[in-house]
Amino acid sequence: MPGITLGDTVPNLEVETTHKNFKLHDYFADSWTVLFSHPGDFTPVCTTELGAMGKYAHEFEQRGVKLLGLSCDDIQSHKDWIPDIEAFTPGSKVTYPIIADPNKEIIPQLNMIDPIENGPSRALHVVGPDCKIKLSFLYPSTTGRNMDEVLRALDSLLMAAKHKNKIATPVNWKPDEPVVISPAVSDEEAKKLFPQGFKTAKLPSKKGYLRVADVS
Ligand code: BEZ
């Protein structure tokens, strides 16, 4: 995946959106943002994805997270498309802005290109309040994303950030489930960080690296 990736600062591009024009860093300031791209308007998979995002918008809002879409067409086309998106997914409201990129000039700068097709992809970056990329997905145009997974991964990022990356979340983790303690944390530090205690898995290697804590 050439171009900006985890830990990189998203370029402070001036973008035209269905709400207003702004610089990306002004939008990202002081909160987390899910920035997600689409190959084009009036296409079937994109219509389902943007509808799902509209339906989940309140979940992101509850977490203080902003949504920002991008599709490779112009603003008028986006505005004409929104009624279709909302009609196809009952309960969906496209309350988030959608960036216009009719000439496909923005997607390379945001590393939202499918390198096999050398064209638009279904990319998604979770951007932190520091304007740096914390997580990226890159899907081809033929595969719609799973918005439950976007939310689950976001919850993991927020949980790890809350605990200053001293914890991590195991496979298929969901909020309210136990977390694991980072290998960089010693048992002594872990005792201070988790006064409620933690469990060390007994493994054949007898290495005490898999430590589980309940932080809910
Ligand atoms: C779609 O959104 O359905 C789509 C867009 C581009 C290529 C293939 C599918």
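Residues numbered from 1 in each chain as written. Predicted model: local features only at pLDDT ≥ 70, side-chain atom pairs only at ≥ 80, totals over all residues. Heavy atoms only, no water.

**Concerning the packing of helix α2 (residues 44–62) against helix α5 (residues 147–162)**
The angle between the axes and the distance between the axes are what describe a pair of packed helices. With their axes 10 Å apart at the nearest point, α2 and α5 run at an angle of 35° to one another. Here α2 runs over α5; the crossing is right-handed. In this structure, α2 uses E49, A52, M53, Y56, E59 and F60 to contact α5, whose residues at the interface are M147, D148, V150, L151 and L154. Here the contact of α2 with α5 is built from residues that sort into eight nonpolar, no polar and three charged. (Axes fitted to C-alpha atoms, helices over the stretch in contact; angles between N-to-C directions. Helix = DSSP H or I, 4+ residues; strand = E, 2+ residues; numbered from the N terminus. Left-handed = near helix turned anticlockwise from the far one by under 90°. Contact = heavy atoms within 4.5 Å. Nonpolar A, V, L, I, M, F, W, Y, C, P; charged D, E, K, R; others polar.)

**Some remarks on the site of the ligand**
In the vicinity of the ligand, the contacting residues are P39, T43, P44, V45, C46, R122 and S141. Within the backbone of V45, one N or O atom sits 2.6 Å away from an oxygen atom of the ligand. Take R122: an N or O atom from its side chain is 3.0 Å from an oxygen atom of the ligand. Contact with the protein chains removes 72% of the 260 Å² of surface that the ligand exposes when unbound. With three residues, α2 is the single largest residue contributor to the shell around the ligand. Across the shell around the ligand, the residue classes tally to four nonpolar, two polar and one charged. (Near = heavy atom within 4 Å. Polar contact = N/O pair within 3.5 Å; in protein donor to acceptor, adjacent residues only side chain to side chain. Areas by Shrake-Rupley, 256 points an atom, 1.4 Å probe, with all protein chains shown as cover.)

**Considering helix α3 (residues 75–88)**
Since the α-helix packs 3.6 residues into each turn, any two residues three or four apart lie on the same face. Under the 1.5 Å per step criterion, the end-to-end length of α3 is 20 Å for 14 residues, consistent within 8% with the ideal 20 Å. Remark: the principal bend of α3, roughly 30°, maps to W81, with a proline, P83, within the next four residues. Among the residues of α3, I75, S77, H78, W81, I82 and I85 are the ones counted as buried. Close packing links the buried residues of α3 with α2, β4 (65–71) and β5 (98–100). One side-chain oxygen at the N-terminal end of α3 lies 3.3 Å from the backbone nitrogen of Q76; it belongs to D74. (Expected span 1.5 Å × (residues − 1). Bend = angle between axes of the 7 residues up to and from the residue. Buried < 20%, exposed > 50% of the residue type's maximum accessible area, 1.4 Å probe, protein only.)

**Some details on the domain arrangement of the chain**
The domain architecture assigned to the chain consists of domain 1 (6–144) and domain 2 (165–211). Taken over C-alpha atoms, the centre of domain 1 sits 35 Å from the centre of domain 2. (Domains from an automatic or database assignment.)

**Thoughts on the nonpolar core**
Soluble globular proteins: nonpolar side chains tend toward being buried together. Counting residues in each nonpolar core, the largest one holds 27 residues, and the members touching the most others are V34, M53, F60 and L124. Of all the elements in the fold, those that place two or more residues in this core are β3 (32–38), α2, β4, α3, β8 (122–127), β9 (133–139) and α5. In this view, L124 contacts V34, L35, F36, M53, L135, S136, F137, R145 and V150; residues no more than four positions away in its chain are not counted. Counting 21 residues, the second largest nonpolar core, distinct from the first, contains I4, L24, F28 and L35. (Core = buried A, V, L, I, M, F, W, Y, C linked by side-chain atoms within 4.5 Å.)

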